[in-house]
Amino acid sequence: MYKNLIFDFDGTIADSKECSIVATQKSFKERGLEEPTVNLIEYYMGIPIEKSFSLMSSVDLDDHQLEALIKTFRQNYKEVESSYLKLYKHMTEQLQSLSKDKQLFVVSSKKTDVLIRNLEILDIDHLFTEVIGSDKVNHYKPSPDGINYILNKYQLENEETIYIGDAIFDMQMANSAKVASCAVTWGTHSIEELKSENPTYIIHEVTELNF
């Protein structure tokens, strides 16, 4: 049905929850800030840290504090990613099968270089036509910029394209871009939260990724 599949990364393709929790809490502590709770970190995993860190902080952060926190986080994340980052079960086989007759893309809240590095660590980078990080768009999720970038660059039809993600921000982005959406329940947000955004599909197993 769909020729073009656009994926979120964290919580959809890969389980990076532990990476994010460890690196985030360590970074806040090292910068003298109150550590955000696990629940708070998980909730905001779908949007870029440039935005989420201010929302997670118990005090207002000025530009200098935010920049320093982000720099610390990126250093800490890089140190732990090889230990904690992992693909969901059956994901490699599913992506390999889909890539045979469909174009696969990633739109993530990560920076593009970090996203590529993560995909290389997991040995699936070759399966994607292009990956779009937060630095390639003017507006972050839930803005449709990332999806629109792909639609315009590759001259794709909206009705032949679907976005797959685990967070309400992903569903909001897909709806704004006027493409179909698929919510996966093995990631961050609950089924109830995902249903509130009226996704086109909701799936519970990686093996159901057979569009």
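Worth saying up front: this structure is predicted, and the values here are computed from it rather than measured. Note that residues are indexed from 1 along each chain, following the sequence as it is written. This being a predicted model, a pLDDT of at least 70 is required before a residue's local features are given, and a value of 80 or more before pairs of side-chain atoms are given or counted; all residues contribute to the totals for chains, interfaces and linings. As a rule here, side-chain values cover all heavy atoms of the structure and leave hydrogens and water aside.

Structural notes on the domain arrangement of the protein chain
With domains assigned, the protein chain is organised as domain 1 (2–13 + 86–206) and domain 2 (15–82). Just so you know, the domain bounds were taken from an automatic or database domain assignment. Of note, the centres of domain 1 and domain 2, computed from C-alpha atoms alone, are 22 Å apart. Taken residue by residue, the interface counts 22 residues in domain 1 and 16 residues in domain 2. Both faces combined, the contact of domain 1 with domain 2 buries some 1,600 Å², and carbon together with sulfur accounts for 55% of it. Salt bridge, as used here, is a side-chain nitrogen of Lys or Arg placed within 4 Å of a carboxyl oxygen of Asp or Glu. Our count for the contact surface shared by domain 1 and domain 2 stands at two salt bridges. In this structure, the salt-bridge partner of Glu81 is Arg117, at a minimum N-O distance of 2.6 Å. Going through the elements one at a time, helix H6 (112–121) and helix H8 (168–177) are the ones with two or more residues in the side of domain 1 that touches domain 2. Residues are treated as being in contact if the distance between any of their heavy atoms lies within 4.5 Å. Joining two parts hides part of their accessible area as seen by a 1.4 Å probe, and the buried area is that hidden amount summed over both. Starting at the N terminus, helices and strands are each numbered in turn, a helix being any DSSP run of H or I of at least four residues and a strand any DSSP run of E of at least two.

What to know about the packing of helix H3 (residues 49–56) against helix H4 (residues 63–84)
Axis lines are fitted through C-alpha atoms, for helices just across the contact stretch, and the angle between N-to-C directions can take any value from 0 to 180 degrees. Contact geometry of H3 with H4 gives a least axis separation of 10 Å together with a crossing angle of 110°. Relative to H4, the element H3 lies roughly perpendicular. The way H3 lies across H4 gives a crossing that is right-handed. On H4, the residues that touch Ile49, Glu50, Phe53 and Ser54 of H3 are Leu66, Leu69, Ile70, Phe73 and Arg74. Should an angle fall under 35 degrees it is taken as roughly parallel, and over 145 as roughly antiparallel, whereas 65 to 115 is taken as roughly perpendicular and any remaining angle as oblique. Each helix crossing is assigned a hand: it is left-handed if the near helix lies turned anticlockwise from the far helix by less than a right angle, otherwise right-handed if that turn is clockwise.

Focus on the environment of Tyr77
One can find Tyr77 in helix H4. For Tyr77, the residues in contact, after removing those within four places along its chain, are Asp10, Ser16, Cys19, Ser20, Ala23, Leu85, Lys110 and Asn118.

Some points on the environment of Leu127
With respect to the helices, strands and loops of the structure, Leu127 is situated in the loop between H6 and strand E5 (130–132). Separated by 102 residues in the primary sequence, Leu127 and Gln25 place their C-alpha atoms 33 Å from one another.

Description of the pairing of strand E1 (residues 4–7)
Consecutive side chains along a regular strand alternate between the two faces of the sheet. A two-sided burial pattern is seen for E1, the buried positions comprising Asn4 and Ile6 on one face and Leu5 and Phe7 on the other. Where E1 and strand E4 (residues 103–107) come together, four bridges link them in parallel fashion. Following the sheet pairing, Asn4 is matched in E4 by Gln103. Think of it in three bands: residues with accessible area under 20% of the maximum for their type are buried, residues over 50% are exposed, and the middle band is partly exposed, with areas taken using a 1.4 Å probe on protein chains only. For two strands to be treated as a pair, DSSP must find no fewer than two bridges joining them.

Looking at the sheet that holds strand E6 (residues 161–165)
What the six strands build is an open sheet, ordered E5-E4-E1-E6-E7-E8; its pairing is parallel. The sheet terminates laterally at E5 and strand E8 (201–203), the two strands that pair on one side only. Shown here is a sheet whose adjacent strand axes are inclined to one another by a mean of 20°, direction ignored. On top of the sheet, H6 reaches E4 and E5; it is set at about 130° to E5, its chief contact. Where H8 meets the sheet, it contacts E4, E6 and strand E7 (180–184), and its direction lies at approximately 170° from that of E7.

Description of the packing of aromatic side chains
Describing an aromatic ring pair means giving the distance of the ring centres and the angle of the ring planes. Aromatic pairing here means that ring centres of Phe, Tyr or Trp (its six-membered ring) are within 6.5 Å. Orientation follows from the plane angle: under 30 degrees is stacked, over 60 is edge-to-face, and everything else is tilted. Counting across every chain of the model gives eleven aromatic pairs. The interplanar angle of 80° and the centroid separation of 6.0 Å between the aromatic rings of Tyr43 and Phe169 together place this pair among those described as edge-to-face. Of this pair, Tyr43 sits in helix H2 (residues 38–43) while Phe169 is found in helix H8, placing the two residues 126 residues apart along the sequence. Judged by relative accessible area, Tyr43 falls into the partly exposed class, the value being 31%. Residue Phe169 is classed as buried on the basis of its relative accessible area of 9%. The rings of Phe28, Phe53, Phe73 and Tyr77 are connected pair by pair, giving a single aromatic cluster.

A look at the pairing of E4
Counted residue by residue, E4 has four buried out of five residues, so it is predominantly covered. Across three bridges, E4 lies against E5 in parallel orientation. Opposite Phe105, over in E5, you have Glu130 as the bridge partner. If the strands point away from the viewer and the path from the first strand over the helix to the second runs clockwise, then the crossover is right-handed. Where the polypeptide runs from E4 across H6 and back to E5, its parallel neighbour, the crossover connection is right-handed.

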